[in-house]
Amino acid sequence: MIKTDILIIGSGISGLFFAMKTAKKRPDLSIVIMTKEKAKNTNTQLAQGGIAVVTDLIKDSFNKHIHDTLRSGGGLCDKEVVNMVIKQAPERLQELIDIGTIFDKNEKGRWDLGLEGGHSQHRILHHKDSSGLEIEEKLLKIIKKLPNIELLENHMVIDLNTETKKNKTICTGAFFYEKKHNRIKYIRTRAIVLSTGGCGQLFENTTNPKIATGDGLAMAARAGAEIVDMQYIQFHPTALVSNENPLFLISEAVRGFGAHIVNEEGKRFLFKYDIRGELSTRDMISDAISKELQLTGKDHVYLDCRHLNTAEFYAHFPIIAGHCNALGIKPEKDVIPVVPAAHYQCGGIKVDQNGATKINNLYAVGECARTGLHGKNRLASNSLLEALVFAHQASENIDRTIAEFTFSSKILIPKFPKAEQSNDYHAFTILKKELQSLVTAFYTSEDRNADLAIQKIEMLNNTAASLIETHEITIPFIEFSNMLAVALLIIKQCKASQKEIC
Ligand SMILES: Cc1cc2nc3c(=O)[nH]c(=O)nc-3n(C[C@H](O)[C@H](O)[C@H](O)COP(=O)(O)OP(=O)(O)OC[C@H]3O[C@@H](n4cnc5c(N)ncnc54)[C@H](O)[C@@H]3O)c2cc1C
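Residues numbered from 1 in each chain as written. Predicted model: local features only at pLDDT ≥ 70, side-chain atom pairs only at ≥ 80, totals over all residues. Heavy atoms only, no water.

The name recorded for the protein in an unreviewed UniProt entry is L-aspartate oxidase, from Flavobacterium endoglycinae. On record in UniProt, under Subcellular location (unreviewed entry), the comment for the protein is "Cytoplasm". (UniProt positions renumbered as here; feature names shortened; annotations may be inferred.)

The structure is reproduced here in structure tokens:
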């Protein structure tokens, strides 16, 4: 059995920022980061638009950013959390800059601030259109230099272990699958930080990479943590139409730069639905596109960039332009076909202002956590910011947990079926597609039939269970089981919120 002081599950912005801060502050603590694939394979590295921070105190203000966040969240944000996150933002940004993260400046040497939907001011710091990759690479570089951090790639955590002491549930370790040796093992730890990202892979159209299967959420739920607001899945209005999984995102910043959304006839239509047009929030635009598609009977709309300055467009958005070009689309000449796609989970593992769950020694940060910042609908570019602030909060708080906790001598390790790498991946690929189609149909339908959807999930569950009776446990099986658990949470929480509305 291996042991460590702190286990971080996930190597995106939230896990790495937490690790960096804690390792520097407490060189006496050992920290292990486990990540299920290559460290860089995260939602973080795909982030294009950037990070929302108030830096221009003449035109902008904390109050304006707070107001925009609350408005986007549809009355469901926690005001104290919104206030804390937005006011802390400049300090956290400085910490990224201090480790060498580069954000674009204009010819006057000032931040080149982008504008995105729902923001009343230009306030998005970015690194061209690959902001997330820049942050991920700089964090990974520093993590690899810190001697008290061990980064374990291809280590997939399967479940958390909890113990009950004096009527308190305490998280004391985790079971993980080590791909290289094809073994399931246990790690004993004094604190666990879940930073496992979102669950976009539950949907047919998503911008989230294949790792986004909601593992952290499912594990936390099994351990008894509270999961809330899963009925609020954010759809990004402009994912590039293709057969790829994930769909390539055309950042919000492109609309902030002046691009229009047009229908089959080349006409702008968003103003029919919201006076902010292209600069409305994601929920409003996605909804407007869905209505337009119903009216026209088409399956996508277009992003029109043809009126924009071509040289500036290519300079600001080299990755987006390059991706379009590779598919034969020239943004200066052609309209770009786009559809709304599942992008971000606004709900998640309920945490307090320190990122602590209700289970002792279990923290959740980043997209897997529900902090209260986003309400019903996250404001663009507030997610990277939330990840930084809550990683900081958890890092400040964890000292106390670490100091108080002592290991129990007895740890019960449940039996898992033996791991087998060369299992029948194909069967699970088919099941995953069925689940994606079920969840998408349920979530996007006007009259959601939760009971029928739950019955179908149970059938899929039985099929998956029968597959491992004949096969050994595999990564697709673990991911699929987690996806089923998260699908149930979404369906049940949609049902409960529909009842509340009635
Ligand atoms: C295409 C795209 C563009 C975006 N653009 C922006 C933007 O411009 N601005 C913004 O603020 N937000 C943006 N977002 C959202 C933002 O990128 C994410 O919310 C954020 O990066 C999540 O960071 P994270 O640390 O929570 O998790 P992630 O970066 O998703 O990392 C999750 C990690 O957990 C690991 N993991 C998961 N399950 C397990 C397991 N069982 N065992 C071990 N490891 C596991 C994964 O392998 C991965 O390392 C974008 C998202 C996407 C998909």
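Within this structure, the stated rule accounts for 28 salt bridges. We note a salt bridge from Arg183 to Glu178, for which the minimum N-O separation is 3.2 Å. With its nearest N and O atoms 2.7 Å apart, the salt bridge here joins Arg268 to Glu278. Taken together, the positions of Arg268 in the loop between strand 11 (260-262) and helix 7 (282-296) and Glu278 in the loop between strand 11 and helix 7 put the pair 10 residues apart, joining distant regions of the chain. You can call Glu278 buried: its relative accessible area is 4%. Taken together, the shared-partner salt bridges in this structure form one network comprising Lys21, Glu91, Arg92 and Glu95. (Salt bridge = Lys/Arg side-chain N within 4 Å of Asp/Glu carboxyl O. Helix = DSSP H or I, 4+ residues; strand = E, 2+ residues; numbered from the N terminus. Buried < 20%, exposed > 50% of the residue type's maximum accessible area, 1.4 Å probe, protein only.)

The linkage connecting Asn245 with the following residue, Pro246, adopts the cis geometry, with an omega of 0°. Counting through the fold element by element, Pro246 comes out in the loop between strand 10 (233-240) and helix 6 (252-256). Residues other than glycine seldom take positive phi values, yet Lys128 does so here, at roughly 45°. Even without being a glycine, Asn182 presents a positive backbone phi close to 55°.

Between its first and last C-alpha, helix 1 (residues 13-25) extends 18 Å over 13 residues, near the 18 Å set by a 1.5 Å rise per residue. Most of helix 1 sits inside the fold, with 11 of its 13 residues counted as buried. (Expected span 1.5 Å × (residues − 1).)

Time to look at the packing of aromatic side chains. On inspection of all chains with the given rule, the structure shows 11 aromatic pairs. Considering the side-chain rings of Phe203 and Tyr443, the 5.7 Å spacing of their centres and the 85° angle between planes classify their relative orientation as edge-to-face. With Phe203 in the loop between strand 8 (183-194) and helix 5 (215-223) and Tyr443 in helix 11 (residues 425-444), the pair connects residues that are 240 residues apart, well separated along the chain. As far as burial versus exposure is concerned, Phe203 and Tyr443 are alike and both buried. Ring-pair connections join several aromatic residues into one group, and the members of that group are Phe257, Phe313, Tyr314 and Phe317. Cation over ring: Arg378 sits above Tyr344, and NZ or CZ is 4.2 Å from the ring centre. A cation over a ring is seen here: Arg448 above Phe442, with NZ or CZ 5.8 Å from the ring centre. (Phe/Tyr/Trp six-rings, centres within 6.5 Å; stacked < 30°, edge-to-face > 60°. Lys NZ or Arg CZ within 6 Å of the ring centre and 35° of its normal.)

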